[in-house]
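# Report on the structure
Spelled out from the first residue to the last, the chains are:
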Amino acid sequence: MLGICRGRRKFLAASLTILFVPAITWIYLFAGSFEDGKPVSLSPLESQPHSPRYTASSQRERESLEVRMREVEEENRVLRKQLSLAQSRSPSHHHGNHSKTYSMEEGTGDSESLRAGIVAGNSSECGQQPAVEKCETIHVAIVCAGYNASRDVVTLVKSVLFHRRNPLHFHLIADAIAKQILATLFQTWMVPAVRIDFYDADELKSEVSWIPNKHYSGIYGLMKLVLTKTLPSNLERVIVLDTDITFATDIAELWAVFHKFKGQQVLGLVENQSDWYLGNLWKNHRPWPALGRGYNTGVILLLLDKLRKMKWEQMWRLTAERELMSMLSTSLADQDIFNAVIKQNPFLVYQLPCFWNVQLSDHTRSEQCYRDVSDLKLQKQLSELDEDDLCYEFRRERFTVHRTHLYFLHYEYEPASDNTDVTLVAQLSMDRLQMLEAICKHWEGPISLALYLSDAEAQQFLRYAQGSEVLMSRHNVGYHIVYKEGQFYPVNLLRNVAMKHISTPYMFLSDIDFLPMYGLYEYLRKSVIQLDLANTKKALIVPAFETLRYRLSFPKSKAELLSMLDMGTLFTFRYHVWTKGHAPTNFAKWRTATTPYRVEWEADFEPYVVVRKDCPEYDRRFVGFGWNKVAHIMELDAQEYEFTVLPNAYMIHMPHAPSFDITKFRSNKQYRICLKTLKEEFQQDMSRHYGFAALKYLTAENNS
């Protein structure tokens, strides 16, 4: 599925050159413009005599100030003109650590002129802008389809959030993929004063599917044309953005531009920066009709109520039908049709300033009217915890909501039609990233991974994955980013995220530092049929082994593995430090077994199993190191799952440096005390939930 975005990334930023001079000038004027300790207003209305205190002297002072203001405005006009000329001569400029970029439509010559927002009060133009009320909701519409576009839209939204002071209402025209990803993302992000509404892009296809479009955005690149019909009838105005926009200023400054519209102006657009619509890029180049350079539709201000009264739907459809008779198709999707309409009706456009094209660094601003807004349910849960409890931080982690981005990379997989398909499920952090390629080489089936990353690490992962031929050749791997929050590694939350988003009837619950034997995927699919997992509650155990060698000639058969066990090259997993974790697998019996055999649950058992996708989730109270898998296996036993060992399956743990969490467990006595407390509480909960049959968990000898 194509993500709709046109050209390279664009930036909404404020011009340092334009903003700096007027800011200093205003400070200078105000510093010397106080009368009797009160500021003198520069408003033309307030400069009129309206009280007995008004004098000829103050009249002269005001006139002098007004003359100076006009001079400052003229200086700013000249500076903007010089900056515009400088931009047109060079593809990039540098101001300190900030770079200014020109974005050009690759393959089409369409300039995606970079946009810059004006910081309130820092330019002569913005000084005259009507203010946006502090709690006024700003509405933003975005067409977003596919995996890549959903990733781009996150960058856009984050840049808007960095600077905004106002509540935001995002209207997302999304396909099923983007909706699934973004609905979870925003639900787990829990940003205050942000509302999200989705509109089904698939239902809109019939509105624009009759228009042939050569642009790579495909049918989704035409959907901005039908926003007057798609968005709520009571919505009067909206800012429309491409997914590849980045804001570097408060979006309220763009919203305020609506107040500048006059007469029949209903569209706010930036002029193109390229010569595309001039038709002189190459011989016989024939673009759609446009006014001069035409307008870019990466950023649009739409006055929806007036557009509806003007019968916008009829207007653009008639124009498109007429032009398509000779043009046959659009080259730049909706942009061609917008420009053709404007060519016939130039009075519709308010031209946005062309200096929206400087990239600046991101700076957050203080939140105002929404800063006290929070998730009340979460607050209630946290208020019930005792902050003086030495294990408070552990308990708090259970209620932490982590921002989650599903399907961070493209995912495309149809499960096998015989209902035997199995997905490998695992979780990881940045320090285990090197295991991904090896696992992909050992397991050809679908994989669901939850990655615990910071925003910066997510970008590192993206570059790593895109640079790997192995990973890029696999479309059946779902990568779900869970963003870092809190001080503990939420191992069971990660497992639950990966489990929840599989498309197969069965899953192999593994860990990222294990390599499955070659052919395990097909062997498990056959075992699913043989042991009738569809109609029985079974957990199929894949015996776990380990090597202490970083370089291992991986055994290609059970016989070869047994030979390596005898030679001391391999060991049963955690034999030296945690025998109880896998002892019930009965490795002595496995050595000679040729058919599956059943084993009984024992205290601290934590095998790796294949189960149906409807099995219980992992318990979130267990974070970091310790008892996270043990608790899950205990619950499977409480629900009367049979544990069946597969005689010809195996997996091998590869060595690596100790995790941060196991180091904390070993070195921090309070950590171990809290883990023991949580374990006992879990066992009590199990007994209450499962009744008499679960009393054994209270009496079991669990010396972790």
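Residues numbered from 1 in each chain as written. Predicted model: local features only at pLDDT ≥ 70, side-chain atom pairs only at ≥ 80, totals over all residues. Heavy atoms only, no water.

### A few points about the overall build of the protein chain
Filter applied, for reference: Strands here are runs of E lasting at least two residues and helices are runs of H or I lasting at least four, both read from the DSSP assignment and numbered beginning at the N terminus. Relative accessibility under 20% of the residue-type maximum defines a buried residue, over 50% an exposed one, and the middle range a partly exposed one, all with a 1.4 Å probe and only protein chains included. Every residue pair with non-hydrogen atoms within 4.5 Å of one another is taken to be in contact. All accessible-area figures derive from a Shrake-Rupley calculation using a 1.4 Å probe, and residue coverage is judged against the displayed protein chains alone.
Secondary structure summary: the protein chain contains 23 helices and 26 strands in total. Per-residue burial for the protein chain yields a buried fraction of 55% across its 704 residues. Contacts spanning at least 24 positions in sequence make up 81% of the contacts within the protein chain whose residues lie at least 6 apart. A total of about 31,900 Å² of accessible surface is found on the protein chain, and carbon and sulfur atoms cover 52% of it.

### Regarding the state of the cysteines
In a disulfide, the sulfur atoms of two cysteines are held together by a covalent bond. Worth spelling out the cut-off: When the sulfur atoms of two cysteines come within 2.5 Å, that pair is taken as a disulfide.
Overall, the coordinates contain 1 disulfide when judged by the stated rule. Each sulfur in the disulfide pair Cys-391 and Cys-674 lies 2.1 Å from the other. Between Cys-391 and Cys-674 the disulfide shows an S-S torsion of about -95°. By sign, it is left-handed. You can see Cys-391 sitting in the loop between helix 11 (376-383) and helix 12 (392-397) and its partner Cys-674 sitting in helix 22 (residues 669-690), a full 283 residues away along the chain. Taken as a pair, Cys-391 and Cys-674 share a single burial class, namely buried.

### Remarks on the environment of Ser-274
Along the chain, the position of Ser-274 falls in the loop between strand 11 (267-271) and strand 12 (295-303). On the accessibility criterion, Ser-274 (4% relative accessible area) is buried. Residues Ser-274 and Arg-293, 19 residues apart in the sequence, show an inter-C-alpha distance of 7.0 Å.

### Considering the confidence of the model for the protein chain
Interpretation of this model should avoid reading the predicted coordinates in detail wherever pLDDT is low. Let me state the cut-off plainly: Within a predicted model, pLDDT stands for the predictor's per-residue confidence, ranging from 0 to 100.
Here the protein chain averages 80 in pLDDT, while 76% of its residues score no lower than 70. Ignoring residues within four places in sequence, the model shows residues 1-56, a span with pLDDT below 50, making 151 contacts including any to other chains. Note that residues 357-375 has pLDDT below 50 and, in this model, 56 contacts with residues that lie over four places away or in other chains.

### Details of a nonpolar patch on the surface
To be explicit about the condition: Each patch is assembled from residues with relative accessible area greater than 30% and no salt bridge, linking like charges that lie within 9 Å and nonpolar side chains (Val, Leu, Ile, Met, Phe, Trp, Tyr) that lie within 5 Å. Each salt bridge in this description consists of a side-chain nitrogen of Lys or Arg and a carboxyl oxygen of Asp or Glu lying within 4 Å of one another.
Side chains of Phe-692, Leu-695 and Leu-698 sit close together on the surface and give an oily, nonpolar patch of about 330 Å² of accessible area. Position of Leu-695 among the secondary structure elements: in the loop between helix 22 and helix 23 (696-699).

### So, the environment of Lys-500
In this fold, Lys-500 is placed in helix 16 (residues 491-500). When the C-alpha positions of Lys-500 and Val-425 are compared, they lie 9.8 Å apart, and in sequence the two are 75 residues distant.

### Some words on helix 4 (residues 176-189)
Defined as follows: What a helix should span is 1.5 Å times the count of its residues minus one.
Here helix 4 is 14 residues long and its end C-alpha atoms lie 20 Å apart, about the 20 Å a rise of 1.5 Å per residue gives. Turning to helix 4, its buried residues are Ala-178, Ile-181, Leu-182, Thr-184, Leu-185, Phe-186, Thr-188 and Trp-189. Summarising the contacts, the buried residues of helix 4 are in contact with strand 6 (138-144), helix 3 (146-163), strand 7 (168-174), strand 8 (194-200) and strand 14 (404-405). Once helix 4 finishes, Met-190 follows within two positions and takes phi at roughly 55°, a positive value.

### Re the side chain of Asn-628
What counts, and what does not: For this analysis, a polar contact is any N or O atom pair within 3.5 Å, provided that within protein one partner can donate a hydrogen and the other can accept it, and provided that sequence-adjacent residues contribute only side-chain to side-chain pairs.
Looking at the element boundaries, Asn-628 is found in helix 20 (residues 628-638). Its relative accessible area of 8% is what places Asn-628 among the buried residues. Within the structure, the side chain of Asn-628 is placed 2.9 Å from the side chain of Arg-495, a separation counted as a polar contact. Every residue in contact with Asn-628, bar those within four places of it in the chain, is listed here: Val-491, Asn-492, Arg-495, Tyr-618 and Phe-622.

### Topic: the pairing of strand 8
What counts is decided by this rule: At least two DSSP bridges between two strands are needed for those strands to be called paired. Convention used here: a crossover is right-handed provided that the path from the first strand, over the helix, to the second strand proceeds clockwise when the strands point away from the viewer.
As paired strands, strand 7 and strand 8 are joined by 7 bridges and run parallel to one another. Its bridge partner being in strand 8, Ala-174 is matched across the sheet by Asp-200. Running through helix 4, the crossover from strand 7 to the neighbouring parallel element strand 8 is right-handed.

### Quick look at helix 20
Residues separated by three or four positions in an α-helix point in the same direction, a consequence of the helix having 3.6 residues per turn. The buried fraction of helix 20 is high, at 11 of 11 residues. Buried residues of helix 20: Asn-628, Lys-629, Val-630, Ala-631, His-632, Ile-633, Met-634, Glu-635, Leu-636, Asp-637 and Ala-638, and no others. Positive backbone phi, at 70°, marks Glu-640, one or two positions downstream of helix 20.

### Quick look at the nonpolar core
Just so we agree on the cut-off: Within this scheme, the nonpolar core is defined by two criteria: the residues are buried Ala, Val, Leu, Ile, Met, Phe, Trp, Tyr or Cys, and they are joined through side-chain atoms within 4.5 Å.
Judged by nonpolar contacts, the single largest core of 114 residues is most densely connected at Leu-449, Phe-461, Tyr-479, Phe-508 and Leu-524. Dropping the residues within four chain positions of it, Leu-524 is found in contact with Val-422, Trp-443, Phe-508, Val-542, Val-610 and Leu-646. One finds Val-143, Val-160, Trp-255 and Phe-338 within the second-largest nonpolar core, a separate group that totals 86 residues.

### Considerations on the pattern of salt bridges
Charged atoms that come close allow side chains of opposite charge to pair. By the definition in use, this model includes 30 salt bridges. Ionic pairing is found between Arg-322 and Glu-323, a salt bridge with its closest N-O pair at 3.6 Å. Accessibility expressed as a relative area gives 13% for Glu-323, which makes it buried. Between Lys-580 and Asp-604 there is a salt bridge, and its shortest N-O distance comes to 3.0 Å. Of this pair, Lys-580 sits in the loop between strand 22 (571-572) and helix 19 (587-592) while Asp-604 sits in the loop between strand 23 (597-599) and strand 24 (608-612), and the two are 24 residues apart along the sequence.

### Digging into the pairing of strand 25 (residues 642-645)
For strand 20 (residues 538-542) and strand 25, the ladder comprises 4 bridges, and the chain directions are parallel. Counted as the bridge partner of Ala-539 is Phe-643 from strand 25. Both strand 23 and strand 25 contribute to a ladder of 3 bridges, which runs antiparallel. The partner of Val-599 across the bridge, within strand 25, is Phe-643.

### Remarks on the sheet that holds strand 17 (residues 477-483)
The strand order across the open sheet formed by 9 strands is 14-17-16-15-18-24-20-25-23, and the pairing between neighbours is mixed. Across the chains shown, the open sheet's two edge strands, defined by having one partner strand only, are strand 14 and strand 23. Sheet topology places strand 14 next to strand 17; 2 bridges connect them, and they run antiparallel. Its bridge partner being in strand 17, His-405 is matched across the sheet by Ile-481.

### Thoughts on unusual backbone geometry
Its identity is not glycine, yet Asn-419 carries a phi of approximately 60°, on the positive side. For Asn-419, a relative accessible area of 54% corresponds to the exposed category. Its identity as a non-glycine residue notwithstanding, Asp-604 has a phi of 70°, on the positive side. Residue classification places Asp-604 among the buried residues on the basis of a relative accessible area of 0%.

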